[in-house]
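# Structural features, examined
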Amino acid sequence: MTREILKGIYQIHVPLPGNPLKYLNSYLIKGNDRSLLIDTGFNWPECKEAQLKAMDELGMDWAQIDFFITHAHGDHVGLVNELADKDARVYCSEIDAQIVQMFIHSRYWELSDMFFKQHGYPVEKLTRKHDDIEGYISGGGNIQFTPVKEGDTLRVGNYRLYCIETPGHSPGHMCLYEPDKKLIFSGDHILDGITSNITAWGGSYDCLGLYLKSLEKIDALDIKLVLPAHRKLISDYHQRIAELVTHHEERLQEILDILHGGFMSAYQVASRMHWDLTYDSWEEFPDFQRWFATGEAIAHLEHLAERGKVKRVQQEELMLYELA
Ligand SMILES: [Zn+2]
Ligand SMILES: [Zn+2]
């Protein structure tokens, strides 16, 4: 399903079967010489079929298409290696381009497992296989990215697109802003109806702090229409941003309340937080849901530590948190 949103801008409905996100909004901007496809879908046959059909309907030739990848997640970058012609440009932030290339190395997942174990996650229960990543991202290590940074401009047809760095959901997440038409392609930075996952990426990133700053940055722009990568288009972005900020402030308060019970690991905190999932208990959550939940808890705890509200307590191999 493809529809023209504005002159020369097409939204492509890419199904993500079995995934709670349901579908990806990919966008094609038609240019005179070269066109630009924003985000691709997973390396799944259903996603590829949707893209091939859409470009066919629009009469596009793949040899004329360049790509813009908002961030490193598989639902955004997964198909680019399959779809891109050998001369195509694949724009992405330097940081997320590196992350995509790291995803395919088992060492990355070993370090990630160590990090989660340090936060109390029972990693021995993880069923993820390191080879699974090919299923989400085709040829991650072979993608030749063209790095873009804040303020770089891409000209496509009548559109002038500014790269805006919006770290938080991923360390190198990037939006594309069209100041004359007052449009923004927001990737997973601003979504309607769902909140994007803010997790820990290891190292010293205060991902939630970065995310909140990146929301402020978009709030200050003049925008008529937000074109997000999932769910509906957004016109009242000030209101949506205010809701997202409130959501995270409430989560931070919830965690402070939980820590009144004494010091605990991020995994223990996550097990006591409220999650909009239909399982009766934390024990019944599938492993990957507990993994995501733990990542969210770490991001919120680390942000509280940055605000001076909680203290980190290293206990042998384990990282614990208590009220400051
Ligand atoms: Zn994402
Ligand atoms: Zn996404």
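Residues numbered from 1 in each chain as written. Chains lettered and ligands numbered in written order. Predicted model: local features only at pLDDT ≥ 70, side-chain atom pairs only at ≥ 80, totals over all residues.

### Concerning the pairing of strand β5 (residues 65-68)
Where a strand is regular, its side chains alternate between the two sheet faces. The side-chain alternation of β5 yields two buried faces, one formed by Ile65 and Phe67 and the other by Asp66 and Phe68. Bridging between strand β4 (residues 35-38) and β5 involves four bridges; their strand directions are parallel. Counted as the bridge partner of Leu37 is Phe67 from β5. With helix α1 (residues 45-57) bridging β4 and the parallel β5, this β-α-β connection has right-handed handedness. Of the strand pairs in this sheet, β5 and strand β6 (residues 90-93) are connected by two bridges, and their pairing is parallel. By the bridge assignment for β6, Phe68 is matched with Tyr91. (Buried ≥ 20, exposed ≤ 12 C-beta atoms within 10 Å, placed from the backbone. Helix = DSSP H or I, 4+ residues; strand = E, 2+ residues; numbered from the N terminus. Pairing = 2+ DSSP bridges. Right-handed = clockwise from strand over helix to strand, strands pointing away.)

### Description of the packing of helix α8 (residues 237-259) against helix α10 (residues 287-306)
Viewed as axis vectors pointing N to C, α8 and α10 meet at an angle of 85°, and their least axial separation amounts to 10 Å. Here α8 is positioned roughly perpendicular relative to α10, judged by the angle of their axes. Along the contact surface, α8 presents Arg251, Leu252, Ile255 and Leu256, while α10 presents His300, Leu301, His303 and Leu304. Across the contact of α8 with α10, the residue classes break down as five nonpolar, two polar and one charged. (Axes fitted to C-alpha atoms, helices over the stretch in contact; angles between N-to-C directions. Parallel < 35°, antiparallel > 145°, perpendicular 65-115°, else oblique. Contact = placed C-beta atoms within 7 Å. Nonpolar A, V, L, I, M, F, W, Y, C, P; charged D, E, K, R; others polar.)

### A word on helix α4 (residues 94-103)
Those residues of α4 lying buried are Asp96, Ala97, Ile99, Val100 and Phe103. For α4, the arc enclosing every buried residue in end-on projection is 160°, short of the 170-degree limit, so these residues lie on one face. (Arc of directions from axis to C-beta.)

### Focus on the domain arrangement of the protein
In terms of domain boundaries, the protein breaks down into domain 1 (2-118 + 129-244) and domain 2 (250-323). Between the C-alpha centres of domain 1 and domain 2 the distance comes to 28 Å. Each partner contributes residues to the interface: domain 1 has 10 residues there, and domain 2 has 14 residues. Among the elements of the structure, α5 (106-118) and α7 (207-219) are those that each provide at least two residues to the side of domain 1 that touches domain 2. Tallied by class, residues from the side of domain 1 that touches domain 2 come to five nonpolar, four polar and one charged. (Domains from an automatic or database assignment.)

### Considerations on the nonpolar core
In this structure, Phe67, Leu176, Ile184 and Leu301 are the most contacted members of the largest nonpolar core, which totals 85 residues. Per-domain counts for this core show at least three residues from each of domain 1 (2-118 + 129-244) and domain 2 (250-323). Look past the residues within four positions of Phe67 in its chain and what remains in contact with it is Leu37, Thr40, Val80, Ala84, Ala88, Val90 and Tyr91. (Core = buried A, V, L, I, M, F, W, Y, C linked by C-beta atoms within 7 Å.)

### Here's the deal with the sheet that holds strand β2 (residues 9-15)
Taken together, seven strands build an open sheet; the order of strands is β1-β2-β3-β4-β5-β6-β7 and the sheet is mixed. Strands at the two margins of the open sheet, each flanked by one partner only, are β1 (2-6) and β7 (146-148). Taken over all neighbouring pairs, the strand axes of this sheet differ in orientation by 30° on average, direction set aside. Those strands touched by α1 are β1, β2 and β3 (23-29), and its axis lies near 155° from that of β2. Packing of α4 onto the sheet brings it into contact with β6 and β7, and relative to β6 it is tilted by some 105°.

### Observations concerning the packing of α7 against α8
When two helices pack together, their arrangement is given by the angle between their axes and by how far apart the axes lie. Packing of α7 against α8 leaves a shortest axis separation of 10 Å and a crossing angle of 160°. Relative to α8, the element α7 is oriented roughly antiparallel. When the axes of α7 and α8 are compared, the crossing they make is left-handed. On α8, the residues touching Leu208, Leu212, Leu215, Ile218 and Asp219 of α7 are Tyr237, His238, Ile241, Leu244, Val245 and His248. Looking at the contact of α7 with α8, its residues break down into eight nonpolar, two polar and one charged. (Left-handed = near helix turned anticlockwise from the far one by under 90°.)

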